[in-house]
Amino acid sequence: MTTTQARTLGLGFIGLGQAVNLILRRKAEIESLPYRIVAAAERGDRISALATFEKEFGGKGYTSVEALCEDPDVDVIYVGTLPDQRLAHVELAAQAGKHIIVEKPMAGSVADGLRMVDIADAHSVKLLAGHTHSFDAPIRHMEDVIRSSELGSLLSILSFNYNDFSVRPWPNRELQASRGPVLNQGPHQVDIVRQLAGGLVKSVRASTIWDDLRDCEGGYNCHLLFEDGVSALLSFDARGLFDSGELFGWIGEGGQQKQPGGAVAMRENFVSLKANSSSLDELDAQLEAQKEQGRYGASATSDEAMRLFGYTGGVPVHQPFFGYTLASCQRGVIRQSPDGIVVYGERGPTERPTQRTLNGRAAELMEMYDAITEDRPLFHDGRWGLATLEVCLGMLESAATGTEIPMTHQVASRGSDA
Ligand SMILES: NC(=O)c1ccc[n+]([C@@H]2O[C@H](COP(=O)([O-])OP(=O)(O)OC[C@H]3O[C@@H](n4cnc5c(N)ncnc54)[C@H](O)[C@@H]3O)[C@@H](O)[C@H]2O)c1
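As the structure is a prediction and not an experimental result, all values here were calculated from the model.

K.L.:
Describe the site of the ligand, naming the residues involved and giving the relevant values.
P.N.:
Lining the immediate environment of the ligand, one finds 24 residues, of which Gly15, Gly17, Gln18, Ala19 and Glu103 sit closest. Looking at the shell around the ligand, the elements that each hand over two or more residues are α1 (18-24) and α5 (83-95). Partitioned by chemical class, the residues of the shell around the ligand number nine nonpolar, eight polar and seven charged.

Written as structure tokens, this is what we have:
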């Protein structure tokens with residue numbers, strides 16, 4: 001990772017919503033990267049967020065995505081709008097010659113994802129499929145051990161995560177569009193498993209569980225078969241009734257220490273909003289109001305609002321933890337530990353610390369930076385993101401049809417030191 005180069009890149013944001021707030025509120029971290037935060041675009045009715053942005057970062061605020069894309073100071077655009085708007089924004093950015101980072105899920109359909117890949121290629125810009133826990137250092141460490149063949153070949157992977165995603169106050173239409181956790185949390189888990197197993201999923205078989213409280217999918221069980229015969233089981237339950245962090249010292253997604261029982265408060269918040277709403281529209285309006293409080297530029301209540309979305313705001317004290325992942329190889333089993341990985345070999349377990357690195361979106365920004373300045377391929381480019389999206393959509397198709405779904409857009413992992 002190269003944070004000392006003289007060259008800096010201009011960074012612009014489309015949408016100053018919650019995801020982008022998670023970047024901008026870690027001001028010291030983002031300002032330590034070799035980027036200049038130069039511009040943001042927002043809807044006209046959130047113009048006050050642009051004013052806050054201009055004051056805090058000295059960047060330019062635009063109410064038009066086209067104008068942001070034309071700004072010559074912008075080199076990289078972080079597309080932080082919702083999935084159904086994303087293709088249009090990626091197209092505008094690519095046509096303007098800007099490199100692009102997209103949030104997960106990359107797109108709403110395989111066709112849209114393919115179009116993004118094609119347009120990025122046509123304009124020779126880099127497209128990074130962002131926000132994925134497969135960037136987490138222990139996952140990359142596990143991958144290194146698997147690739148070294150120290151334990152023989154990889155045989156299978158088990159990954160399970162129970163969290164509170166669905167009881168966060170997402171507006172109903174948003175949660176239903178992401179099919180609960182399937183298209184929102186699924187990309188993280190699928191990325192982790194694809195990263196460890198080399199990327200090439202042959203087929204997907206899955207079923208989903210229904211969440212009565214949120215009236216949409218609340219989780220899934222999924223079996224992935226890889227081209228080389230490796231199999232993986234992925235399980236997710238996002239209903240906030242049990243948190244797998246309890247089995248892992250209450251370490252949060254970003255490596256922060258979590259308070260036990262956070263999901264109970266989130267669930268109570270949702271149940272109370274539902275009880276006090278006379279219609280689904282009214283409930284949605286209340287959920288939208290709570291979401292607004294977590295967006296960039298919202299009022300002083302932002303920290304409290306972010307807690308309702310599961311963000312503790314604490315500094316990372318351990319490695320990030322996005323559920324348990326165990327990899328079984330011929331002569332051993334590997335799992336994450338709070339500060340690294342544990343390798344269970346023929347002579348028993350050994351703990352191997354993993355070097356702490358930049359996490360999450362900061363790591364992705366550096367990945368993009370290095371790819372541009374060193375003119376090398378991205379670790380997770382658009383094709384990688386498309387393959388992960390295909391698996392997530394395949395889960396839904398398999399659950400709906402009760403059949404195994406063959407995959408046709410898979411690409412191999414470049415390896416953790418790509
Ligand atoms: N909220 C989170 O915690 C979170 C975390 C990880 C990933 N994500 C992903 O990030 C993406 C965005 O989610 P979000 O929760 O931040 O949504 P959000 O609704 O909070 O943010 C979207 C922002 O885009 C703005 N916007 C809409 N149309 C626009 C336009 N034409 N021009 C400029 N701005 C426009 C909206 O006003 C809003 O501020 C989703 O794909 C989501 O899966 C969100």
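K.L.:
Hey, could you go over the sheet that holds strand β8 (residues 201-211) for me, with residue numbers and the actual values?
P.N.:
With mixed pairing, nine strands are arranged side by side in an open sheet as β14-β13-β12-β11-β7-β10-β9-β8-β15. If you trace the sheet from one side to the other, it starts and ends with β14 (348-353) and β15 (405-406), each paired once. Summarising the sheet, strand β7 (residues 154-162) and strand β10 (residues 231-237) pair through seven bridges and their orientation is parallel. Bridge pairing in β10 links Asn161 to Phe236. Together, β7, β8, β9 (216-226), β10 and β11 (324-329) form the strand contacts of helix α9 (residues 186-197), whose direction differs from that of β7 by roughly 160°.

K.L.:
Describe in detail the sheet that holds strand β1 (residues 9-14), supporting the description with residues and values.
P.N.:
Read from one edge to the other, the open sheet built from six strands follows the order β3-β2-β1-β4-β5-β6, with strand pairing classed as parallel. Of all strands in the sheet, those bounded by a partner on one side alone are β3 (60-62) and β6 (127-129). Strand-to-strand twist across the sheet, computed as the mean angle between neighbouring axes with direction ignored, equals 20°. Bridge count between β1 and strand β4 (residues 76-79): four bridges; the pairing is parallel. In the sheet register, Phe13 faces β4, and the bridge partner there is Tyr78. Relative to β3, helix α3 (residues 47-57) is tilted by about 165°, and along the sheet it contacts β2 (35-41) and β3. Strands β1, β2, β4, β5 (99-102) and β6 of the sheet are contacted by helix α13 (residues 360-373), whose axis makes an angle of about 155° with β5.

K.L.:
For the packing of α5 against helix α6 (residues 110-122), give the residues involved together with the corresponding values.
P.N.:
Relative to each other, α5 and α6 sit at 5°, their axes nearing to 10 Å. By the angle between their directions, the pair α5 and α6 is classed as roughly parallel. Residues Leu87, Val90, Glu91 and Ala94 of α5 touch α6, and the partners they reach there are Asp112, Arg115, Met116, Ile119 and Ala120. In terms of residue class, the contact of α5 with α6 is built from six nonpolar, no polar and three charged.

K.L.:
An account of helix α11 (residues 280-293) is requested, with residue identities and associated values reported.
P.N.:
The first and last C-alpha atoms of α11 sit 20 Å apart over 14 residues, in line with the 20 Å expected at 1.5 Å per residue. Those residues of α11 that sit buried are Leu287, Gln290 and Lys291. Angular distribution of buried residues about the axis of α11 spans 100°; they occupy a single face of the element.

K.L.:
Would you mind going over the environment of Val117 in detail, with residue names and values included?
P.N.:
Within the secondary structure, Val117 is located in helix α6. For Val117, a count of 21 C-beta atoms within 10 Å corresponds to the buried category. Linking Val117 and Trp384, residues 267 residues apart in sequence, is a C-alpha distance of 9.9 Å. Not counting chain neighbours up to four residues away, the residues in contact with Val117 comprise Leu127, Gly382, Arg383 and Leu386.

About the thresholds
- Residues numbered from 1 in each chain as written.
- Predicted model: local features only at pLDDT ≥ 70, side-chain atom pairs only at ≥ 80, totals over all residues.
- Near = placed C-beta within 6 Å.
- Helix = DSSP H or I, 4+ residues; strand = E, 2+ residues; numbered from the N terminus.
- Nonpolar A, V, L, I, M, F, W, Y, C, P; charged D, E, K, R; others polar.
- Pairing = 2+ DSSP bridges.
- Contact = placed C-beta atoms within 7 Å.
- Axes fitted to C-alpha atoms, helices over the stretch in contact; angles between N-to-C directions.
- Parallel < 35°, antiparallel > 145°, perpendicular 65-115°, else oblique.
- Expected span 1.5 Å × (residues − 1).
- Buried ≥ 20, exposed ≤ 12 C-beta atoms within 10 Å, placed from the backbone.
- Arc of directions from axis to C-beta.

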